[in-house]
Amino acid sequence: MALSGLRERRVAGTYDLLTRAVGFLFIFFCMCPFLFPIPGLPSNLQMYGLLFGVVFLALNAFRAARAVLDNVAFSALLVTLFAALIIAVSSGLTLGAFRALFNHISIFVVIIAAYVLVKQYGFDERFIKAVILVWFAVALVQIVFFRGFLAEFIGSPNWSSSSRGVIGLASEPSFLGISCFYFLHLADKFRTNRALFLALVSFMGVVLAQSAMGIIFIAAFWVMLVFDRCQASTILILGFVSILFVALFFVWASSSDSSSRIVSIVATFMDGGFEGLYLQDESIRNRFNSIVRALSSSFGNYLFPLGMGARIGSGYGGILCELGIFAVVEMVVVSLGMALQFKKQWVRVLYFVVITGLLFSNTQIGNPQLLLVVGMNYALSPHRLERAVLFRSPRGVRRMLETEGVE
């Protein structure tokens, strides 16, 4: 009996060690989804985060099944995944359909895996800090010494333009900026050195990436964070200082000779407003047109699925075209998961609207960085409040926690 017990403890220890190792790899490749391009796969996002997420769920099949059954949002994602599989097969298994299906599988797998991982092992602050520091170190080396540092290990890197920022471990500066936006959500959860990492990630996303899109995302996060954590008087002071800073920057940029893309965008806006930006900036024009085409095509088809395979330069707009009404489930689950970042009810509601708008831009909804944050937010939200926390008042939350005996 003693020998049998020892053998069981060894097996349990080995299983736990394996599960933890897979969990670390899952987090790493979710935070670094552009690394180690797979030959023959024409995509900047790689599949490693999804693959390790599948392995982690397989090792924790019972917990994963329980999470899906207990959570209405996750159950709805499972139904949507089945719909995506049927639509993908009916669209013909082309490379374009496979890329689209990859996004929908990732939405389900990465969110559930992140949820189960945090519920089982907690939020691994030290490991996440280490990965963020690696990103910062690489971006710093690129801006100081060589812009192409480690680019050979990144999928579809675009780093050669001196008028743009560096790429870090992303494929282009705008993706570095948006990666920092997701990292801010993780850094906000830190118990130690929280302010330092928030500042570090913001510096990387604004100064090193120099991406207008990244700055818009990061600014949205900071506005919501100030609303959520500060008193009304502090918000007014910070708002006044921010407006003054932006005004001074616009005045400087309009008369600057810098070749930076951000300065160019500001100068164009100062000269011609939004119409001037649309007419003179091809990138902004293409992004706007992609959103309009996606919404027009989807609603023109009465939210029936249009199938997979077409390249659509809009995150939510793309999945809306592909899955039609089924995509609304994915959009609500993702936006709700992001809104759980904040504590105040009205800030959660506002951020739900803001993040929904931002994710209609040329972002990738299958990006594991986004889905990792969503899954962790669901796991770290108050006990049994995932289904309705967005619309529940703080007093109702306290009353439910007291009723359920949660401290």
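Our subject is the structure listed above.
Note that the structure is predicted; figures quoted are calculated from it, not measured.

Engineer: Hey, could you run me through the overall build of the protein in this one?
Structural biologist: Along its length, the protein carries 17 helices and zero strands. Counting over 407 residues, the protein shows a buried share of 47%. For the protein, contacts bridging at least 24 residues in sequence account for 68% of all contacts bridging at least 6. As displayed, the protein offers around 19700 Å² of accessible surface, 67% of which is attributable to carbon and sulfur atoms.

Engineer: Hey, could you run me through empty space enclosed by the protein in this one?
Structural biologist: Over the atoms, a rolled probe matching the size of one water molecule traces out where space is still vacant. This structure, assessed with the given rule, holds two cavities of 30 Å³ or more. When its volume is computed, the largest cavity comes out at roughly 50 Å³. Together, Phe34, Phe175, Ile178, Ser179, Tyr182, Thr363, Gln364, Asn367 and Gln369 line the largest cavity. A per-element tally of the lining of the largest cavity places helix H7 (residues 173-187) first, with four residues. Within this model, the second largest cavity holds a volume of roughly 30 Å³. Cys30, Met31, Tyr182, Phe183, Leu186, Gln369, Leu372 and Val373 together form the lining of the second largest cavity. Listing elements by their share of the lining of the second largest cavity, those giving two or more residues are helix H1 (2-31), H7 and helix H16 (368-380). In the lining of the second largest cavity, the residues fall into seven nonpolar, one polar and no charged.

Engineer: Where do I start with the pattern of salt bridges in this structure?
Structural biologist: Close approach of charged atoms allows side chains of opposite charge to pair. In this structure the tally under the stated criterion is seven salt bridges. Each of Asp188, Arg194, Asp228 and Arg229 takes part in a single network of salt bridges with overlapping partners.

Engineer: How should the packing of aromatic side chains be read in this particular structure?
Structural biologist: The relative placement of two aromatic rings is captured by the distance of their centres and the angle of their planes. Using the criterion set out here, one finds 21 aromatic pairs in the structure. Geometrically, the ring pair formed by Trp135 and Phe183 is edge-to-face, given 5.2 Å between the ring centres and 75° between the ring planes. Of the two residues, Trp135 sits in helix H6 (residues 125-144) while Phe183 sits in helix H7, which places them 48 residues apart along the sequence. Among the residues examined, Trp135 registers a relative accessible area of 0% and is labelled buried. The exposure class of Phe183 is buried, given its relative accessible area of 1%.

Engineer: Teacher, can you tell me more about the nonpolar core here?
Structural biologist: Within soluble globular proteins, side chains that are nonpolar tend to cluster in buried spots. In terms of nonpolar packing, the biggest core is built from 106 residues, with Met31, Phe74 and Trp135 touching the most fellow members. No other element matches the 16 residues that helix H5 (residues 95-121) contributes to this core. Not counting residues within four places of it along the chain, the set of residues in contact with Trp135 comprises Met31, Cys32, Phe34, Ile167, Leu169, Ala170, Leu176, Ser179, Phe183, Met204 and Gln369.

Engineer: What should I look at first to understand the packing of helix H3 (residues 61-70) against helix H4 (residues 72-91) in this one?
Structural biologist: Packed helices, taken two at a time, are described by their axes: the angle between them and the distance between them. At a minimum axis separation of 5 Å, H3 and H4 run at an interaxial angle of 100°. Taken together, the axes of H3 and H4 lie roughly perpendicular to each other. Residues Ala67, Val68, Leu69 and Asp70 of H3 touch H4, and the partners they reach there are Val72, Phe74, Ser75 and Leu78. Residue composition of the contact of H3 with H4, by class: six nonpolar, one polar and one charged.

Parameters at a glance
Residues numbered from 1 in each chain as written. Predicted model: local features only at pLDDT ≥ 70, side-chain atom pairs only at ≥ 80, totals over all residues. Heavy atoms only, no water. Helix = DSSP H or I, 4+ residues; strand = E, 2+ residues; numbered from the N terminus. Buried < 20%, exposed > 50% of the residue type's maximum accessible area, 1.4 Å probe, protein only. Contact = heavy atoms within 4.5 Å. Areas by Shrake-Rupley, 256 points an atom, 1.4 Å probe, with all protein chains shown as cover. 1 Å grid on protein atoms, 1.4 Å probe; cavity = no way out; pocket = protein on both sides within 12 Å on 5 of 7 lines; lining within 4 Å. Points joined across faces, edges and corners; volume = space filled by probe spheres on them. Nonpolar A, V, L, I, M, F, W, Y, C, P; charged D, E, K, R; others polar. Salt bridge = Lys/Arg side-chain N within 4 Å of Asp/Glu carboxyl O. Phe/Tyr/Trp six-rings, centres within 6.5 Å; stacked < 30°, edge-to-face > 60°. Core = buried A, V, L, I, M, F, W, Y, C linked by side-chain atoms within 4.5 Å. Axes fitted to C-alpha atoms, helices over the stretch in contact; angles between N-to-C directions. Parallel < 35°, antiparallel > 145°, perpendicular 65-115°, else oblique.

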